[in-house]
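# Structural features, examined
One-letter residues, chain by chain:
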Amino acid sequence: MRSRTKGFGTFYLSLFFVVLYFPVLSVILYSFNSSPSTAKWAGFTLDWYRELFSDGVIGQSFKTSIQVALLTSVLSAVLGTAAAIISLSVSKRVEKTIQGVMILPLLVPEVALGISLLIFFTALGLPFGHLTLVLSHSLFCVPYIYIMVQLRLKEIDKSVIEAARDLGATRGQTIRTIIIPLVMPSIITASLLALAMSLDDVVISSYMSGPRSTTLPVHIFSMMRVGVTPKINALCTLILVGTFFIVGLGQLAGKKNRIKEEF
Amino acid sequence: MKTLRRNMLAIPIIVWIGLLVGTPLIFVFVLSFLSRDNLGNIVVAFTLDNYKRIFDPIYIRVFFNSFLLATLTGLVTLLIGYPVAYITSGLNPKRRAVSIALIMLPFWLSSLLRTYGWIILLGNTGIINNILVGLNIIEKPLNMMYKFGTTLVGTAYMLIPFMIIAIFNSVDKLDRSYLEASYDLGAGRLKTFFNITIPLTLPGIFGGFTLVFIPALGLFFISDLLGGGKTIFLGNLINTQVTKGRNRPLGAAFSILMIVLVLVVLFIYSRAAKREEGGLFQ
């Protein structure tokens, strides 16, 4: 009886993962199909990848996406970490206020946030492009960094900080030499998450893109609306590889720090 | 005095986010009471017309569609996700870590890629139709794209990791000795599941439902790509009014409505979570 339910459990879980990854794997597989239609498999080709690299618009939007994502993750890492560290020393009421303000961008639906920013930036007369993209992306990245760094801060042994203070370190020195190094793994993981979120955002970016600075997802979205082409498959596959690279980097950074801590 | 000075440090952060989220929301709120001229320019004249138009049967329908989609997405992800969370929490540590990693991994994958995967699978010349026709199970390709159900599949697929993680956190905290006690007292597996396991994991169920319901209201690109714009949802409507319809005040009014809807859901959730003690934002 028990082993039968266990067998069913394994079966259900496997089936679930097959369904979860089947669409993704199909996209990858058909990026190598030499027929432009998914109707038949006509043999292996790398033509669609070649076509991608000669497409100037894709190259341009890729560049925009990378620039925006890097700026966003640096800005968000600084702001999110600062907010988390400041939360340590403020009064309970102020801490609650910070938490409330942080959760706000996550509660407002993306469409609503996107159009409210569109209306706001139009009223301010800001030019749409890199600036508006980075500002808006930082809104949904800062809260995640804040939450992740704060979780790590709670794990820190308070006596370490007290010891530093007793030995005469100033607040600034304690933060620089004790707190920041201890939360560094979380900052790195959170920044990479921010990088991935910024690279992936469609909804808010579609309102924030300027005439000469469209992000890659916004461009892909417009391609997808026109129709299915293996070029999109190839592009999605490359993005996937890029994402795995970022995730792998994050894992590596985490592991390295963990090893350091053990000694 | 010292704490006061330290509290001051928090001001820039609060202002930064408050200014970038709060002010735009105030703008939208004000805009939702303004009108526009025939060219789409905004006219500063107070009106309640935008809100009155919400009660237009066409828009009521849109509202209903969105509510239905979000609710069904919650139910579908719950029914499929609950067993996944439950089974995962019972695995040995090594397999458990693999399972959790596989559940979380899609978060890192582009949401457009995941939606596009369904276009490739469900299209008239898509992979599922090819297989079915190839195996002579059906003669003509099935028409699976551009339906309400297609949008539901895409939305549920996109959001199910949230549901599973929320339930997993709850199931994992479950004290299994309660289950043993229930078995010892003669209750069967089903009875134990419905009388003990489900009530004890309700916080996770409520939390997951909230985490899925809110984004399901606004993911307009999924219904654009998979639904083909045939069924109109709140997100699509706002998007079209603002970008193509040139009726920003109406789009603003619908955004406010959407935010109110989210607040109502959160209010219900926080009441439920308080009763169940514990939740997402303890």
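For the structure itself, look to the data block above.
Every chain is numbered independently, its residues counted from 1 as its sequence is written. Chains carry letters and ligands carry numbers; both start at the beginning, A for chains and 1 for ligands, and go up in the order they are written. Per-residue local features of the predicted model are confined to residues with pLDDT of at least 70, and side-chain atom pairs are confined, for both listing and counting, to 80 or more; whole-chain, interface and lining totals are unaffected and use all residues. Excluding hydrogens and water, the side-chain figures rest on all heavy atoms present in the structure.

## Regarding the packing of aromatic side chains
Residue and element names in this part refer to chain B.
- Ring geometry is summarised as follows: Phe, Tyr and Trp rings, the Trp one being its six-membered ring, pair when their centres sit within 6.5 Å, and such pairs are stacked at plane angles under 30 degrees, edge-to-face over 60 and tilted between the two. By the definition in use, this model includes 22 aromatic pairs over all chains.
- Seen in terms of ring centroids, F29 and F33 are 5.2 Å apart; in terms of plane orientation they differ by 80 degrees. Their pairing is edge-to-face.
- We classify F29 as partly exposed; its relative accessible area is 42%.
- A ring pair is formed by Y82 and Y86, whose centres lie 6.5 Å apart and whose planes are at 20 degrees; its orientation type is stacked. Of this pair, Y82 and Y86 both sit in helix α4 (residues 57-89), four residues apart, roughly one helical turn.
- Each residue is assigned to one of three classes by its accessible area relative to the maximum for its type, calculated with a 1.4 Å probe on protein chains only: buried under 20%, partly exposed between the two thresholds, exposed over 50%. Given the relative accessible area of 6%, Y82 is considered buried. Here a helix means four or more residues in a row that DSSP labels H or I, a strand means two or more in a row labelled E, and each is numbered from the N terminus.

## Thoughts on the interface of chain A and chain B
- Any pair of residues with heavy atoms lying within 4.5 Å of one another is described as a contacting pair. Listed as interface residues are 81 residues of chain A and, on the opposing side, 74 residues of chain B.
- Buried area adds together the accessible area that both of two parts lose upon being put together, with accessible area traced by a 1.4 Å probe. Taken together, both faces of the contact between chain A and chain B bury some 6,800 Å²; the carbon and sulfur share is 80%.
- Any carboxyl oxygen of Asp or Glu within 4 Å of a side-chain nitrogen of Lys or Arg constitutes a salt bridge here. Along the contact surface separating chain A from chain B lie one salt bridge.
- Note that A:R225 is salt-bridged to B:D224, the shortest N-O span being 2.9 Å.
- At 16 residues, helix α1 (residues 2-30) of chain A tops the list of elements feeding residues into the side of chain A that touches chain B.

## Quick look at helix α3 (residues 56-89) of chain A
- One fewer than the residue count of a helix, multiplied by 1.5 Å, yields its expected span. Across its 34 residues, α3(A) extends 50 Å between first and last C-alpha, which sits within 8% of the 50 Å expected from 1.5 Å per residue.
- A distance of 3.0 Å separates the backbone nitrogen of A:V57 from a side-chain oxygen at the start of α3(A), and that oxygen is part of A:D55. Counting of polar contacts relies on pairs of N or O atoms within 3.5 Å, with two restrictions inside protein: one atom must be capable of donating a hydrogen and the other of accepting it, and residues adjacent in sequence are counted only when both atoms are side-chain atoms.

## Regarding the packing of helix α6 (residues 111-122) of chain B against helix α8 (residues 148-173) of chain B
All names here are of chain B.
- To get an axis, a line is fitted to the C-alpha atoms, and for a helix only the part in contact is used. The angle between two axes follows their N-to-C directions and goes from 0 to 180 degrees. At their nearest, the axes of α6 and α8 sit 10 Å apart, and the two run at 140 degrees to each other. Relative to α8, the element α6 is oriented oblique. In terms of crossing hand, the pair formed by α6 and α8 is right-handed. Contacts between α6 and α8 involve S111, R114, T115, W118 and L122 from the first element and T150, V153, Y157 and M158 from the second.
- Asp, Glu, Lys and Arg are counted as charged, while Ala, Val, Leu, Ile, Met, Phe, Trp, Tyr, Cys and Pro are counted as nonpolar; the rest, among them Gly, fall into the polar class. When grouped by side-chain class, the residues that make up the contact of α6 with α8 number five nonpolar, three polar and one charged. Relative orientations are named as follows: roughly parallel for angles under 35 degrees, roughly antiparallel for angles over 145 degrees, roughly perpendicular for angles from 65 to 115 degrees, and oblique for any other angle. Note on convention: the crossing is left-handed when the near helix lies turned anticlockwise from the far helix by less than a right angle, right-handed when the turn is clockwise.

## Details of α6(B)
Residue and element names in this part refer to chain B.
- Under the 1.5 Å per step criterion, the end-to-end length of α6 is 17 Å for 12 residues, consistent within 8% with the ideal 16 Å.
- Here α6 lies mainly inside the structure; 12 of its 12 residues are buried.
- Inspection of α6 places S111, L112, L113, R114, T115, Y116, G117, W118, I119, I120, L121 and L122 among the buried residues, and these make up the whole buried set.
- In this structure S110 caps α6, since a side-chain oxygen of it lies 3.2 Å from the backbone nitrogen of L112.

## Some words on the pattern of salt bridges
Residues and elements named next belong to chain A.
- All chains considered together, the criterion is met by eight salt bridges over all chains.
- In this structure, the salt-bridge partner of R152 is E155, at a minimum N-O distance of 3.0 Å. With R152 and E155 both in helix α6 (residues 130-155), this residue pair falls three residues apart, about one helical turn.
- Among the charged side chains, a network of salt bridges with common partners joins E51, D55 and K231.

Function cannot be inferred from these measures alone, as they are strictly geometric.
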